[in-house]
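Chain by chain, the residues run as shown.
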Amino acid sequence: MENKLPLRIANILINALKGGVVPRIGLEYITVGRTQEIAAILHDIEMIEDGSASFRFIVGKYGSGKSFLLQTIRNYATAKGFAVVDADLSPERRFAGTKGQGLATYKELIQNLSTKSKPDGGALPLILEKWISGIQASIRAQSDAEGEAFNQLVEKQIYAVAGSLEGMVNGFEFAKAVAAYWRAYQQDDAAMKSNVLKWFRGEYASRKEAKADLDINFIVTDETWYDFLKLFAAFLVNAGYKGLLVFIDELVNIYKIPNSITRQNNYEKILTMYNDVLQGKAKHIGFLIGGTPQCIEDKYKGMFSYEALRSRLAEGHFATDEMKDLTAPIIRLQMLTQEEVYVLVEKLRDIHAQLYNYTPTMNHEDLLYFLTVEYNRVGAGTHITPREIIRDFIELVNILHQNPNRSVSDILGSNSFEMAKGGLSDETIHSDFLDFEV
């Protein structure tokens with residue numbers, strides 16, 4: 001490979017992809033296609049940097065590259081100087097719920113707060129310290145003050161930032177917490193710093209506790225967590241970041257909620273957030289929400305069962321499968337073309353060879369033969385996904401590497417290589433068709 005990648009990254013890529021999960025790093029080595037979709041989201045990111053906000057749904061079948069695209073954008077955003085938060089929805093984490101499920105999503109998001117210098121989450125203390133030292137550096141550059149006079153100038157600047165947040169919903173409490181962190185920093189009070197971080201992360205169980213520890217008669221709740229994300233976005237820009245990107249995946253967990261009222265409450269929360277962003281009430285924040293076509297379009301349980309959302313998100317009369325409007329709120333991931341998949345497996349072949357330190361034996365014809373076998377499976381035209389092709393291919397190169405005396409046609413022509421099941425169907429193959437070949 002011309003683009004030499006570290007063995008650690010090669011190892012993470014191969015192991016994650018074989019296991020059917022998206023690696024957090026190294027995606028730039030295997031990204032193919034999706035140019036238009038990525039360009040559309042990167043344009044959103046530019047607008048967010050300028051003070052705008054965006055709200056997008058990334059829709060694709062299981063294994064179609066949805067999480068991969070979200071992770072690629074996440075890596076790009078942190079490299080550009082954005083802070084990012086991400087969470088997967090689950091039965092315990094939703095947009096709203098009677099048992100604190102909305103707050104649980106907020107906690108997960110803030111726990112996963114990441115920046116370029118801290119890409120794996122837990123960046124909140126680092127951000128606060130960086131913000132304070134940034135203010136100290138700018139005061140030093142402007143003034144010769146020392147000691148208490150210097151601290152007063154820093155404090156004045158910190159209260160100015162806090163004051164700018166007070167006009168926002170729940171901004172007064174957020175500003176008090178910011179100021180409390182500065183005081184704890186100044187006095188080297190580790191316990192107080194820890195309490196302020198606990199408050200920012202939504203971990204106080206009651207107002208009474210927060211009042212006793214911090215003199216703040218307010219905590220993050222199921223109702224207020226979205227407002228807090230907006231406050232974080234405003235604060236992060238003050239701290240020198242370009243803005244905040246919020247990645248929420250597995251929207252299908254809302255679709256799976258059996259209780260229709262609970263489902264509707266969640267869709268109502270999504271609508272509130274969507275309206276707020278598109279009406280210009282939010283700044284420097286972007287939402288990217290991943291889901292399957294079914295969890296969006298199903299008119300009984302999906303997002304389109306909530307009429308107010310359906311009327312806003314449904315496509316107009318002119319978009320077709322070939323011609324998509326990529327400025328629309330829903331970005332639908334098309335299947336990768338066979339040419340793009342060829343480039344992908346070629347990259348994976350080279351990464352595998354580099355990881356295990358051998359010269360690749362699979363040539364152009366072998367790669368074509370593998371793809372022909374994959375695409376000739378019954379239903380592959382509509383059902384096969386990149387995830388399955390990748391898993392099959394990594395299994396194939398593993399077997400070839402471990403059995404150097406065998407050829408690609410030996411393996412693909414025998415039953416020792418069992419291809420991944422189709423994406424949409426979990427049906428077992430009827431015994432009459434087990435030996436059927438195309």
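Everything here concerns the structure above.
Being a predicted model, the structure only gives us computed values, none of them experimental.

1. Details of the overall build of the protein chain
Right, on to step 1. Scanning the protein chain from terminus to terminus reveals 19 helices and 5 strands.
Right, on to step 2. The buried share among the 438 residues of the protein chain stands at 50%.
Right, on to step 3. Sequence-distant contacts, at least 24 apart, represent 70% of the contacts inside the protein chain between residues at least 6 apart.
Right, on to step 4. As displayed, the protein chain has an accessible area near 21400 Å², and 50% of this comes from carbon and sulfur atoms.

2. A closer look at the packing of helix α5 (residues 124–142) against helix α8 (residues 190–200)
Right, on to step 1. It is the contact of α5 with α8, at a shortest axis distance of 11 Å, that shows an interaxial angle of 115 degrees. In this structure, α5 crosses over α8, and the sense of that crossing is right-handed. Residues Leu124, Pro125, Leu128 and Glu129 of α5 lie in contact with α8, whose contacting residues are Lys193, Leu197 and Phe200.
Right, on to step 2. Of the residues in the contact of α5 with α8, the class split is 5 nonpolar, no polar and 2 charged.

3. With respect to the side chain of Asp86
Right, on to step 1. For Asp86, the location among the structural elements is in strand β2 (residues 83–88).
Right, on to step 2. At 2.8 Å, the side chain of Asp86 forms a polar contact with the side chain of Arg24.
Right, on to step 3. Of the polar contacts made by the side chain of Asp86, one reaches the side chain of Arg74; its length is 3.0 Å.
Right, on to step 4. Once you skip the residues sitting within four places of it in the chain, Asp86 turns out to touch Arg24, Arg74, Glu108, Leu109, Asn112 and Phe247.

4. Here's the deal with the nonpolar core
Right, on to step 1. One finds Phe57, Phe95, Trp199, Phe200, Leu244 and Leu251 to be the most contacted residues of the largest nonpolar core, which totals 81 residues.
Right, on to step 2. It is helix α10 (residues 225–238) that contributes the most residues to this core, 9 residues altogether.
Right, on to step 3. Formed jointly, this core draws a minimum of three residues from each of two domains, domain 2 (34–115 + 241–333) and domain 3 (124–214).
Right, on to step 4. Sequence-distant contacts of Phe57, defined by excluding residues within four places in its chain, comprise Leu251, Ile270, Ile289, Ile296, Met303, Leu313, Pro329, Ile330 and Ile331.

5. Here's the deal with the sheet that holds strand β3 (residues 244–249)
Right, on to step 1. With parallel pairing, the 5 strands of this open sheet are ordered in space as β2-β3-β4-β1-β5. Looking at which strands have only one partner, the edges of the open sheet turn out to be β2 and β5 (330–332). Strand-to-strand, the axes of this sheet are offset by a mean angle of 20 degrees, without reference to chain direction.
Right, on to step 2. Taken together, the 3 bridges between strand β1 (residues 53–59) and β5 define a ladder with parallel strand orientation. Directly across from Phe57, in β5, lies its bridge partner Ile330.
Right, on to step 3. Seen against the sheet, helix α2 (residues 35–49) touches β1, β3, β4 (285–291) and β5 and runs at an angle of roughly 160 degrees to β1.
Right, on to step 4. Relative to the sheet, helix α3 (residues 66–79) contacts β1, β2, β3 and β4, its axis offset from that of β3 by approximately 165 degrees.

6. A word on the pattern of salt bridges
Right, on to step 1. Counted according to the given criterion, the structure contains 15 salt bridges.
Right, on to step 2. When the shortest N-O distance is used, the salt bridge between Lys230 and Asp276 registers 2.8 Å. Residue Lys230 is found in helix α10, and its partner Asp276 is found in helix α12 (residues 260–278); the two are separated by 46 residues along the sequence. As far as burial versus exposure is concerned, Lys230 and Asp276 are alike and both buried.

7. Considering the packing of helix α7 (residues 171–186) against α8
Right, on to step 1. It is the contact of α7 with α8, at a shortest axis distance of 8 Å, that shows an interaxial angle of 155 degrees. Looking at the two axes, α7 sits roughly antiparallel to α8. Read as a crossing pair, α7 and α8 show a hand that is left-handed. Seen from α7, the contacting residues are Glu173, Phe174, Ala177, Val178, Ala180, Tyr181, Ala184 and Tyr185; seen from α8, they are Met192, Lys193, Val196, Leu197, Trp199 and Phe200.
Right, on to step 2. When the residues that make up the contact of α7 with α8 are grouped by side-chain class, the tally is 12 nonpolar, no polar and 2 charged.

8. Remarks on the pairing of β1
Right, on to step 1. The buried fraction of β1 is high, at 7 of 7 residues.
Right, on to step 2. Side chains of β1 alternate between two faces, with Ala53, Phe55, Phe57 and Val59 and Ser54, Arg56 and Ile58 buried alike.
Right, on to step 3. In terms of strand pairing, β1 meets β4 through 7 bridges, oriented parallel. Residue pairing across strands places Ser54 opposite Gly286, the latter belonging to β4.

9. Section: the packing of aromatic side chains
Right, on to step 1. For the coordinates displayed, the defined rule picks out 17 aromatic pairs.
Right, on to step 2. Note that Lys130 overlies the ring of Tyr241, its terminal NZ or CZ placed 4.2 Å from the centroid.
Right, on to step 3. In this arrangement the basic side chain of Lys198 is found over the ring face of Tyr204, its NZ or CZ atom lying 4.4 Å from the centre.

10. Examining the pairing of β2
Right, on to step 1. Among the 6 residues in β2, 5 count as buried, and that is most of the element.
Right, on to step 2. In this sheet, β3 lies alongside β2 in parallel orientation, the contact comprising 6 bridges. Among the inter-strand pairings, Ala87 is bridged to a residue of β3, identified as Ile248.

11. Remarks on the environment of Arg310
Right, on to step 1. Along the polypeptide, Arg310 turns up in helix α14 (residues 307–313).
Right, on to step 2. For Arg310, a relative accessible area of 33% puts it in the partly exposed group.
Right, on to step 3. Spatially, the C-alpha atom of Arg310 lies 8.9 Å from that of Ile296, the residues being 14 residues apart in sequence.
Right, on to step 4. Not counting the four nearest positions on each side in its chain, Arg310 is found in contact with Met303 and Phe304.

12. Focus on α2
One full turn of an α-helix is made of 3.6 residues, so residues set three or four places apart face in the same direction.
Right, on to step 1. Under the 1.5 Å per step criterion, the end-to-end length of α2 is 21 Å for 15 residues, consistent within 8% with the ideal 21 Å.
Right, on to step 2. Looking only at α2, the buried set comprises Glu37, Ile38, Ala40, Ile41, Leu42, Asp44, Ile45 and Ile48.
Right, on to step 3. Those residues of α2 hidden inside the fold are in contact with β1, α3, β3, β4 and β5.
Right, on to step 4. Remark: Gly51 follows α2 within two positions and exhibits a positive phi of approximately 110 degrees.

How each quantity is defined
All residue numbers refer to position in the chain's written sequence, counted from 1. With the structure being a predicted model, the display of local features is reserved for residues of pLDDT at least 70 and the display and counting of side-chain atom pairs for 80 or more, all residues being used for whole-chain, interface and lining totals. No hydrogens and no water enter the side-chain calculation; it runs on all heavy atoms of the structure. Secondary structure elements are defined from DSSP: runs of H or I of at least 4 residues count as helices, runs of E of at least 2 residues count as strands, and each element is numbered from the N terminus. Residue exposure (1.4 Å probe, protein chains only): buried if accessible area is under 20% of the type maximum, exposed if over 50%, otherwise partly exposed. The contact criterion used is simple: two residues touch if any of their non-hydrogen atoms lie within 4.5 Å. Using a 1.4 Å probe, accessible areas were evaluated by the Shrake-Rupley method; residue-level cover was limited to the displayed protein chains. For helices, the fitted line uses only the C-alpha atoms of the stretch in contact; every axis is such a line through C-alpha atoms, and the angle between N-to-C directions lies from 0 to 180 degrees. Handedness of a crossing follows from how the near helix is turned relative to the far one, being left-handed for an anticlockwise turn of less than a right angle and right-handed for a clockwise one. For this scheme, ten residues count as nonpolar: Ala, Val, Leu, Ile, Met, Phe, Trp, Tyr, Cys and Pro. Four count as charged, namely Asp, Glu, Lys and Arg, and the remainder, Gly too, count as polar. Here a polar contact is taken to be a pair of N or O atoms separated by no more than 3.5 Å, where protein atoms must pair a possible hydrogen donor with a possible acceptor and residues adjacent in sequence count only if both atoms sit in side chains. Among the buried residues, those of types Ala, Val, Leu, Ile, Met, Phe, Trp, Tyr and Cys that are joined through side-chain atoms within 4.5 Å form a nonpolar core. What marks off one domain from the next here is an automatic or database domain assignment. Two strands are counted as paired when DSSP detects at least two bridges linking them. For this document, the term salt bridge refers to a Lys or Arg side-chain nitrogen within 4 Å of an Asp or Glu carboxyl oxygen. Roughly parallel covers angles under 35 degrees, roughly antiparallel covers those over 145, roughly perpendicular covers 65 to 115, and oblique covers all other angles. Pairing of aromatic rings covers Phe, Tyr and Trp, the last counted by its six-membered ring, and requires centre-to-centre distances within 6.5 Å; plane angles under 30 degrees mean stacked, over 60 mean edge-to-face, and any other angle means tilted. Geometrically, a charge over a ring is one whose NZ (Lys) or CZ (Arg) sits within 6 Å of the ring centre while staying within 35 degrees of the ring normal. By this rule, a helix spans an expected 1.5 Å times one less than how many residues it contains.

Remember that the coordinates give geometry; whether it matters functionally is a separate question.
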